[in-house]
Amino acid sequence: MIDIFYNGILAAIVLIWVMSARVRRLGRLIAALKRWGPALTVFLWAVFIVFVSWYAFNFDHFEDIHDIDEAVDTAVESVNDGTNPYEEYVVPRFKTKYRVDVDWTLGPYNYMPLDLFTYIGAEAALGSLGSPYWFVVANMIFAGLAMYMLRSMVRVPWLTFAPKAGIVMLFYSMDNASLTLLFMTGSVYALQRLKWHPEAVSLVIMALAVLTKIYAAIPFLILLLFFLQSSVSRKDWRKLSETVASAGASAALAVLVMLPFGVANVLDSAVFFHTSEEARVGTSAGGTLLSEIAYDSPYFALIGFALTALAVLVGLRVRSLNDRVMMATVTFLLVAVKSSLAPLTVAGVFLALRMRERADEKATSAATSSGAEATAPKDASKAAPADN
């Protein structure tokens, strides 16, 4: 069954992205936001306060409709007890999401090893709070750091940004997507702010995101292709060698992180798990367009991969890195199996970055135009005597 909530958020993201593609429409959107700014801020704070209140009074229900906290907690305990959660079926999960009366089953751990290592450390530091509270606090910290970096990049006033950041932090407090969000945002932050080999550092940090959740492979691949393409077009062989070296370091790091659990076990449990209905028995699936139409097809994974790869290749002709990520991510979200709302964070982050980028482009264009108009009368007056 198609998930209305998931697809509704995705449709809103796509609509905003498409509407802001033209400078004129973006100008209208910015003007409207400025005109309605105070009212919008009040509305956002009201929504945030309502959500905080609901979260506090319905914490047990919010925890019941998620299975990620149980999965992470059990995987951490399994490792501490000497069990390989990527090989043994010890992790609890349920088949139907967003319901309390669900059927539980056991399976392997479905997230990448850096995720598990990080939460082992988080449990060691915060475990005295009890479960799921240590998990919630860790995720709030991860998402909070990500929101702090994102705000510094999009340069939105704190009064407007804070309630949105708070909603995101609470909404993903039961989801280890918060950790992936931290690495993903940190990668873009490094690219924009570092002066010491920003491309190489950014790529490695994005590789860390992939080693928590596999969907981060999309922005990683696009970053890699973007850096390779730009360095080759500029004939900057030093940058090219740095990019290749950082990609190699990322691959070596991936193998190193997977080795303790067995590379084949990790790939089967956390990567190939998403490619077929048979592999996903016992957990939630469906909700997206292609997953409802062709989920039973043996070519389902191939179709999804081909469409996403096509979006990546088409993106090679697009100038903006943020637009490239949006194209591939939106395509992926439309065709992939929806097991959680986590991948929406990729589209959300890069949409915010692209909106900021387009606003800067519009401001630069307006400044250039006004500068040209200011110099035009001077040039005309100088030319007037010659015409006479």
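Everything below is about the structure shown above.
Residues numbered from 1 in each chain as written. Predicted model: local features only at pLDDT ≥ 70, side-chain atom pairs only at ≥ 80, totals over all residues. Heavy atoms only, no water.

Some remarks on the overall build of the chain
Of the regular secondary structure elements, the chain holds 17 helices and two strands. The proportion of buried residues among the 388 residues of the chain is 46%. Considering only contacts within the chain whose residues lie at least 6 apart along the sequence, 71% involve residues at least 24 apart. With an accessible surface of roughly 19400 Å², the chain has 67% of that area assigned to carbon and sulfur atoms. (Helix = DSSP H or I, 4+ residues; strand = E, 2+ residues; numbered from the N terminus. Buried < 20%, exposed > 50% of the residue type's maximum accessible area, 1.4 Å probe, protein only. Contact = heavy atoms within 4.5 Å. Areas by Shrake-Rupley, 256 points an atom, 1.4 Å probe, with all protein chains shown as cover.)

Focus: the pattern of salt bridges
A full pass over the atoms with the stated rule returns six salt bridges. A salt bridge links arginine 354 to aspartate 323; the shortest N-O distance between them is 3.0 Å. Taken together, the residues arginine 354 in helix H17 (residues 344–387) and aspartate 323 in helix H16 (residues 321–335) connect sequence positions 31 residues apart. The class for arginine 354 is buried, based on a relative accessible area of 8%. When its relative accessible area of 9% is taken as the criterion, aspartate 323 is described as buried. The shortest N-O distance in the salt bridge between arginine 358 and aspartate 323 comes to 3.2 Å. Of this pair, arginine 358 sits in helix H17 while aspartate 323 sits in helix H16, and the two are 35 residues apart along the sequence. An identical accessibility class is assigned to arginine 358 and aspartate 323; each is buried. (Salt bridge = Lys/Arg side-chain N within 4 Å of Asp/Glu carboxyl O.)

Focus: the packing of aromatic side chains
Counted under the stated rule, the structure contains 19 aromatic pairs. A ring pair is formed by tryptophan 45 and phenylalanine 48, whose centres lie 5.8 Å apart and whose planes are at 80°; its orientation type is edge-to-face. Remark: phenylalanine 48 and tryptophan 45 occur in helix H3 (residues 37–57); sequence separation between them is three residues, near one turn of the helix. For phenylalanine 48, a relative accessible area of 18% translates into the label buried. (Phe/Tyr/Trp six-rings, centres within 6.5 Å; stacked < 30°, edge-to-face > 60°.)

Overview of the nonpolar core
Formed by 80 residues in total, the largest nonpolar core has its most connected members in Tyr119 and Phe350. Element by element, the count of residues in this core is highest for helix H7 (residues 133–154), at 11 residues. Membership of the second largest hydrophobic core comes to nine residues, among which are Phe48, Phe51, Phe59 and Val136. (Core = buried A, V, L, I, M, F, W, Y, C linked by side-chain atoms within 4.5 Å.)

A few points about the environment of alanine 124
Relative to the elements of secondary structure, alanine 124 occurs in helix H6 (residues 113–126). A C-alpha to C-alpha distance of 9.8 Å links alanine 124 and valine 76, two positions 48 residues apart in sequence.

Structural notes on a nonpolar patch on the surface
Where nonpolar side chains cluster on the molecular surface, the patch consists of Leu129, Tyr133, Val137, Ile141 and Leu145 and spans about 430 Å² of accessible area. Among the secondary structure elements, valine 137 is positioned in helix H7. (Patch = residues over 30% accessible without salt bridge, like charges linked within 9 Å, V, L, I, M, F, W, Y side chains within 5 Å.)

Concerning the packing of H7 against helix H9 (residues 177–193)
One way to put it is that H7 packs onto H9 with a least axis distance of 8 Å and a crossing angle of 25°. Here H7 lies roughly parallel to H9, going by the angle between them. In the packing of H7 onto H9, the handedness of the crossing is left-handed. Across the interface between the two elements, Asn139, Phe142, Ala143, Leu145, Ala146, Met147, Met149, Leu150, Ser152 and Met153 of H7 pack against Ser178, Leu179, Leu181, Leu182, Thr185, Gly186, Val188, Tyr189, Gln192 and Arg193 of H9. (Axes fitted to C-alpha atoms, helices over the stretch in contact; angles between N-to-C directions. Parallel < 35°, antiparallel > 145°, perpendicular 65-115°, else oblique. Left-handed = near helix turned anticlockwise from the far one by under 90°.)

Here's the deal with unusual backbone geometry
Backbone torsion omega between serine 131 and proline 132 reads 5°, so that peptide bond is classified as cis. Within the chain, lysine 235 stands out as a residue other than glycine whose phi angle is a positive 55°. Structurally, lysine 235 can be placed in the loop between helix H11 (217–233) and helix H12 (237–258).

A look at the side chain of asparagine 110
Relative to the assigned elements, asparagine 110 resides in the loop between strand E2 (104–107) and H6. Taking relative accessible area as the criterion, asparagine 110 reaches 11% and is therefore assigned buried. Here the side chain of asparagine 110 touches proline 108 through a polar contact of 3.4 Å, landing on its backbone oxygen. (Polar contact = N/O pair within 3.5 Å; in protein donor to acceptor, adjacent residues only side chain to side chain.)

What about helix H10 (residues 198–210)?
With 13 residues, H10 extends 18 Å between its outermost C-alpha atoms, agreeing within 8% with the 18 Å of an ideal straight helix rising 1.5 Å per residue. Those residues of H10 lying buried are Pro198, Glu199, Ala200, Ser202, Leu203, Met206, Ala207, Ala209 and Val210. (Expected span 1.5 Å × (residues − 1).)

Topic: the packing of H6 against H7
Following both chains from N to C, one finds H6 and H7 inclined at 115°, their axes separated by 9 Å at the closest point. Crossing angle aside, the handedness with which H6 passes H7 is right-handed. Here H6 contributes Thr118, Tyr119, Ala122, Glu123 and Leu126 to the contact with H7, which in turn contributes Trp134, Phe135, Val137, Ala138, Asn139 and Phe142.

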